[in-house]
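# Tertiary structure, described
Okay, here's what each chain looks like letter by letter:
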Amino acid sequence: MKPSVRAKLESLAARLDELNGLLSSQHATRDLESFRRFSREHAGLTGLVGLYRRLQGAEADAQAARELAADPAMKSYADDELKSARASVEKLEAELQQALLPRDPNDDRNLFLEVRAGTGGDESGLFAGDLFRMYTRYAERQGWQVELISESHSEMGGYKEVIARLIGQGAYSKLKFESGAHRVQRVPATEAQGRIHTSACTVAVLPEADAVNDVVLNPAELRVDTFRASGAGGQHVNKTDSAIRITHLPTGIVVECQDSRSQHKNREKAMGVLVARIKDKQEREAHAKTASARKSLIGSGDRSERIRTYNFPQGRVTDHRINLTLHKIDRIMDGELDELVSALSSEFQAERLAQAAEGEEPAVARSGV
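The rules behind the values
Residues numbered from 1 in each chain as written. Predicted model: local features only at pLDDT ≥ 70, side-chain atom pairs only at ≥ 80, totals over all residues. Heavy atoms only, no water. Helix = DSSP H or I, 4+ residues; strand = E, 2+ residues; numbered from the N terminus. Contact = heavy atoms within 4.5 Å. Expected span 1.5 Å × (residues − 1). Salt bridge = Lys/Arg side-chain N within 4 Å of Asp/Glu carboxyl O. Buried < 20%, exposed > 50% of the residue type's maximum accessible area, 1.4 Å probe, protein only. pLDDT = per-residue confidence, 0-100. Axes fitted to C-alpha atoms, helices over the stretch in contact; angles between N-to-C directions. Parallel < 35°, antiparallel > 145°, perpendicular 65-115°, else oblique. Left-handed = near helix turned anticlockwise from the far one by under 90°. Nonpolar A, V, L, I, M, F, W, Y, C, P; charged D, E, K, R; others polar.

### Some thoughts on the overall build of the protein
In terms of helices and strands, the protein carries eight helices and eleven strands. Residue pairs at least 24 apart in sequence account for 64% of intrachain contacts in the protein once pairs closer than 6 positions are excluded.

### A word on helix α4 (residues 122–142)
Compared with the 30 Å implied by 1.5 Å per residue over 21 residues, the 31 Å span of α4 between its first and last C-alpha is a close match. Where α4 ends, the next residue or the one after it, Gly-143, has phi of about 80 degrees, a positive value.

### Some points on the pattern of salt bridges
Considering all chains together, one arrives at 26 salt bridges under this definition. With its nearest N and O atoms 2.8 Å apart, the salt bridge here joins Glu-208 to Arg-165. In this pair, Glu-208 sits in the loop between β5 (197–207) and β6 (222–227) while Arg-165 sits in strand β3 (residues 159–167), placing the two residues 43 residues apart along the sequence. The exposure classification of Glu-208 matches that of Arg-165, with both residues buried. Among the salt bridges present, the one from Arg-321 reaches Asp-319, with a minimum N-O distance of 2.8 Å. Asp-319 matches Arg-321 in its accessibility class, with the two residues each being buried. Through salt bridges that share partners, Arg-133, Arg-137, Glu-140, Arg-141 and Asp-334 make up one connected network.

### Looking at the confidence of the model for the protein
Chain-level pLDDT for the protein is 85 on average; 87% of the residues reach the 70-or-more range. Confidence drops under a pLDDT of 50 for residues 232–237, and excluding neighbours within four residues, the segment shows two contacts in the predicted structure. pLDDT under 50 marks residues 290–295. Its contacts with residues more than four places away, or in other chains, come to nine contacts.

### So, the packing of helix α1 (residues 3–24) against helix α2 (residues 32–68)
Across the interface, α1 lies against α2 with an axial gap of 8 Å and an inter-helix angle of 130 degrees. By the angle class used here, α1 and α2 are oblique. Taken as a pair, α1 and α2 cross one another with a handedness that is left-handed. Its residues placed into classes, the contact of α1 with α2 shows 13 nonpolar, five polar and seven charged.

### Some words on the packing of α2 against helix α3 (residues 75–99)
Put simply, α2 and α3 touch, their axes get as near as 8 Å, and they point 155 degrees apart. Judged on the interaxial angle alone, α3 and α2 are roughly antiparallel. Note on packing geometry: the crossing formed by α2 with α3 is left-handed. Along the lines of polarity and charge, the residues of the contact of α2 with α3 split into 16 nonpolar, one polar and eight charged.

What follows is the structure in structure tokens.
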């Protein structure tokens with residue numbers, strides 16, 4: 001291990017000891033904001049410093065085995081102990097190297113999920129509905145909350161567009177690689193001759209932004225329109241102008257929300273999506289200026305980039321970025337995404353480690369909408 005890395009770990013261990021003292025102080029909760037900040041920092045350091053302590057223990061075991069080997073009677077036993085200790089040191093050093101890679105600051109955030117029908121007409125709208133159900137079922141399996149922001153149904157069912165907020169610890173870290181074009185190959189219910197059709201949808205995953213700290217909005221640059229939300233008619237029809245459309249004039253970004261009968265709630269939800277989109281646009285522009293010439297194996301995540309194919313006749317799902325094919329399409333469409341999510345995350349981590357080993361700046365984790 002490089003001396004600079006060990007020095008950093010020693011510094012982090014000292015900081016953890018300092019935080020232990022601060023949090024155990026009888027005055028720790030007088031300033032709740034500081035207490036929460038220190039608690040988050042403590043939680044972030046505990047695992048890393050724990051790994052470092054285990055590494056130190058394994059190094060001590062290796063040194064003890066080397067000293068024991070000086071006794072001819074103990075040499076065979078000492079050699080076995082040294083081999084085991086060295087294997088532990090190697091494993092722990094690799095774990096620490098990965099743990100020290102910069103975390104995506106958005107990983108712990110909630111997210112906005114946007115699914116839009118693309119090429120393929122009615123079948124694309126139906127597939128957009130299937131994708132949205134897949135993600136909501138996955139969210140339910142994770143214990144997350146799903147809050148519908150807006151929806152525009154297609155004529156044959158499914159959606160032209162649907163936007164939802166997924167609320168849960170680490171939600172963005174799980175789904176941030178889902179942005180892009182999703183292609184489906186199947187026989188539509190309306191196809192009389194049994195021909196396989198190909199259509200596509202686009203998915204956008206945006207980390208929820210902190211409206212106060214992440215994006216500064218000038219009210220003069222916002223145009224807010226109200227209109228009557230569409231409804232099913234009868235006693236449930238919305239007779240007030242509760243729906244909201246917000247246009248950010250400098251960027252041209254437009255967000256609509258009509259899910260709630262409360263204009264205030266619709267405005268609040270629309271502002272949340274608007275801020276997330278503006279923040280994402282700013283980050284994409286900054287990333288484009290500073291991106292390494294070497295492209296991440298996960299891809300750019302651009303919505304025009306085909307990332308995955310769902311082939312129903314063959315019962316398979318293929319992620320083209322990592323050449324992974326799974327023959328369990330029914331289970332995946334029912335929200336069993338853990339294997340895909342884990343594989344994408346592992347590939348991204350491997351790419352970052354390779355870049356770090358070559359002295360490059362690791363790529364920033366991107367939804368890249």
